[in-house]
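A closer look at the structure
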Amino acid sequence: MPNLDKALNIADLRLLAKKRLTKVLFDFCDKASEDQLSLRHNREALDRIKLMPRMLRDVSGRDPGVTLFGRKHDLPLVIGPTGPAGYVWYRGETALAKAAAAANIPCTLASTSNTPMEKIVADGGGTQWFQLYIWQDIEASMLTVQRALDAGFEALVLTVDSPVYNNREVDVRNGFTLPPRVNAKTALDVAMHPRWLFGTLCPYLWMENGLPPFANIHFPEEHKAAADDYQSKSTGGFLNRNETLDWDFLKRLRDAWRKKLLLKGILHPDDAVMAADAGVDGVFVSNHAGNVLDAAVTAWDALPAIKDATGDRLTLIADTGVRRGSDVLKGLALGANAIAVGRATLYGVAAAGEPGAAKAIDILGSEIRRTMAAMGLTSVSEINQDHIRLPSDLPVSG
Ligand SMILES: Cc1cc2nc3c(=O)[nH]c(=O)nc-3n(C[C@H](O)[C@H](O)[C@H](O)COP(=O)(O)O)c2cc1C
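Residues numbered from 1 in each chain as written. Predicted model: local features only at pLDDT ≥ 70, side-chain atom pairs only at ≥ 80, totals over all residues. Heavy atoms only, no water.

**Here we look at the overall build of the protein**
The condition that has to hold: Only DSSP runs of H or I reaching four residues or more are called helices, and only runs of E reaching two or more are called strands; each is numbered from the N terminus. Both definitions apply: the radius of gyration is a C-alpha atom measure, and the globule rule equals 2.2 Å times residues to the power 0.38. By definition in these notes, contact holds between two residues if any of their heavy atoms fall within 4.5 Å. We score Asp and Glu as negative and Lys and Arg as positive, and we do not count His or the chain ends. The atom standing in for a charge is NZ when the residue is Lys, CZ when it is Arg, CG when it is Asp and CD when it is Glu.
When helices and strands are counted, the protein shows 14 helices and 12 strands. Taken over the C-alpha trace, the protein has a radius of gyration of 20 Å; the compact-globule value for 398 residues is 21 Å, and the two agree within 12%. Along the longest, intermediate and shortest principal axes, the C-alpha atoms of the protein span 65 × 50 × 45 Å. Considering only intrachain contacts with a sequence separation of at least 6, the fraction spanning at least 24 residues in the protein is 73%. If the 45 positive side-chain charges of the protein are averaged to one point and the 47 negative ones to another, these points end up 6 Å apart.

As structure tokens, this is what we get:
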């Protein structure tokens with residue numbers, strides 16, 4: 001186990017994850033689609049926002065907590081869905097859920113996770129949301145919705161930004177597969193990362209006969225093979241995303257899921273308004289970690305217009321690129337109710353399991369508290385657009 005005390009920030013956790021994971025898996029977590037433009041733009045968008053602090057305010061009693069859907073959470077953070085996180089650490093999805101519960105923040109389980117959702121709810125505790133993809137077979141996908149309802153998830157997050165598979169050329173070049181395969185191309189990579197080999201692959205081999213398949217997608221009998229091989233041609237495209245989804249489908253989902261419903265991947269204010277009109281409770285303003293549309297606008301550019309258009313009609317969660325507590329405050333100042341993190345906690349869990357995920361939350365939490373003090377804030381609800389300066393607000397120097 002690495003010495004987590006030496007990890008001062010999320011970048012340090014990223015390096016620990018890089019050391020432990022195979023290159024194929026690390027790149028899957030760390031990189032994005034096509035030319036990685038969106039990945040860079042997300043950071044640039046956050047970096048160009050400046051914070052405007054206020055002075056001589058008693059900041060001794062700071063509370064970084066937020067209320068989301070009637071529940072008080074200790075930090076303005078949500079763990080977003082990060083696919084099959086169980087491949088970076090043995091039962092990594094449970095580790096993420098437990099770390100989130102201990103920190104009293106919500107955790108979102110991905111459709112493509114490999115630990116059964118009922119087990120995550122039972123072992124993880126805390127506030128748990130389920131992320132949904134709708135696959136080729138809508139009826140089979142709706143059985144997953146019913147299963148998530150029965151399992152007790154508090155919210156359903158329908159990802160709407162991915163009607164087709166992303167174009168992650170890096171994964172194609174690396175020979176990445178789901179589940180990961182050890183073959184002639186990847187064997188050396190695995191051998192060079194003994195801590196992943198012995199800490200993750202071997203426990204699965206010894207205790208579960210191999211890396212687990214997808215555990216939370218409903219596979220009709222004729223498509224069972226798809227569970228073990230995401231990319232298999234023999235699955236007849238069962239795991240292709242459904243390209244026909246539209247606002248009519250959303251009505252059906254709204255009727256089927258009476259608890260909190262969020263859409264993930266909204267960037268245009270008109271779509272946010274349509275979501276509110278359709279009875280959706282919240283949206284993730286997100287460009288999906290730069291994994292889908294490489295030229296997409298960033299959440300940080302899109303957020304102010306979405307906030308203006310929807311006011312208090314929707315709970316706004318924003319994400320992509322967040323690595324510092326100050327990034328979180330910037331997102332809140334732009335109008336978000338909370339900020340989701342994907343890679344920050346994924347690096348943590350890949351580096352050291354549950355303590356690693358807890359460390360990521362702890363780092364962000366202490367940075368948030370310190371930034372609040374320096375900003376003159378005692379509560380995150382006080383933060384507004386007057387606490388930031390965007391490039392257009394700043395005087396041109398020289
Ligand atoms: C490795 C990885 C897998 C992801 N898998 C999913 C997924 O299955 N469903 C989804 O809606 N978003 C997925 N995302 C996107 C995240 O939920 C989130 O939007 C994004 O990671 C936020 O950006 P950040 O990683 O810079 O914090 C994934 C992100 C990563 C990095």
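**A few points about the site of the ligand**
As a reminder, the rule being used: It suffices for a single heavy atom of a residue to lie within 4 Å of a molecule or strand for the residue to be listed as near it. Any N or O atom pair separated by 3.5 Å or less is treated as a polar contact, with the protein-specific requirement of one donor-capable and one acceptor-capable atom, and with residues adjacent in sequence counted only for side-chain atom pairs. All accessible-area figures derive from a Shrake-Rupley calculation using a 1.4 Å probe, and residue coverage is judged against the displayed protein chains alone.
Taken together, the neighbourhood of the ligand is formed by 23 residues, with Pro-81, Thr-159, Asp-319, Gly-321 and Arg-343 sitting nearest. Here Gln-131 contributes a side-chain N or O atom positioned 3.4 Å from a nitrogen atom of the ligand. Within the backbone of Arg-343, an N or O atom sits 2.8 Å from an oxygen atom of the ligand. Taken by itself the ligand offers 600 Å² of open surface, and the protein chains cover 97% of this.

**Notes on the state of the cysteines**
Rules: Defined by distance alone, a disulfide is two cysteine sulfur atoms within 2.5 Å. Summary of the burial criterion: residues with accessible area below 20% of their type's maximum are buried, those above 50% are exposed, and those between are partly exposed, where the area comes from a 1.4 Å probe applied to protein chains only.
Under the defined criterion, the tally for this structure stands at zero disulfides. A disulfide-free cysteine, Cys-29 has its sulfur positioned 15 Å from the sulfur of Cys-107, the nearest such atom. By relative accessible area, which is 7% here, Cys-107 ends up buried.

**Considering the pairing of strand S10 (residues 315–319)**
Rules: Two strands pair if DSSP finds at least two bridges between them. Looking down the strands as they point away from the viewer, one classifies a crossover as right-handed if the path from the first strand across the helix to the second runs clockwise.
In terms of residue burial, S10 counts as a mostly covered element, since five of its five residues are buried. Across the two faces of S10 the burial is the same, with Thr-315, Ile-317 and Asp-319 and Leu-316 and Ala-318 all buried. Two strands pair when backbone bridges link them, and strand S9 (residues 282–285) and S10 are joined in this way by four bridges, in the parallel orientation. Paired with Phe-284 across the bridge in S10 is Ile-317. The β-α-β motif built from S9, the intervening helix H12 (residues 299–310) and the parallel element S10 has right-handed crossover chirality. Bridge count between S10 and strand S11 (residues 338–341): three bridges; the pairing is parallel. What sits directly across from Asp-319, in S11, is Ala-340. Of the crossover connections in this fold, the one passing from S10 over helix H13 (residues 325–333) to the parallel S11 is right-handed.

**Focus: the pairing of strand S8 (residues 260–266)**
Taking burial as the measure, the seven residues of S8 include six buried ones, the bulk of the element. Relative to S8, strand S7 (residues 155–159) runs parallel, the two being bridged by five bridges. Paired with Leu-158 across the two strands is Leu-263, which belongs to S8. Direction of pairing for S8 relative to S9: parallel, over a ladder of four bridges. The residue of S9 that forms the bridge with Lys-264 is Phe-284. Once you follow S8 into helix H11 (residues 269–277) and on to S9, the crossover reads as right-handed.

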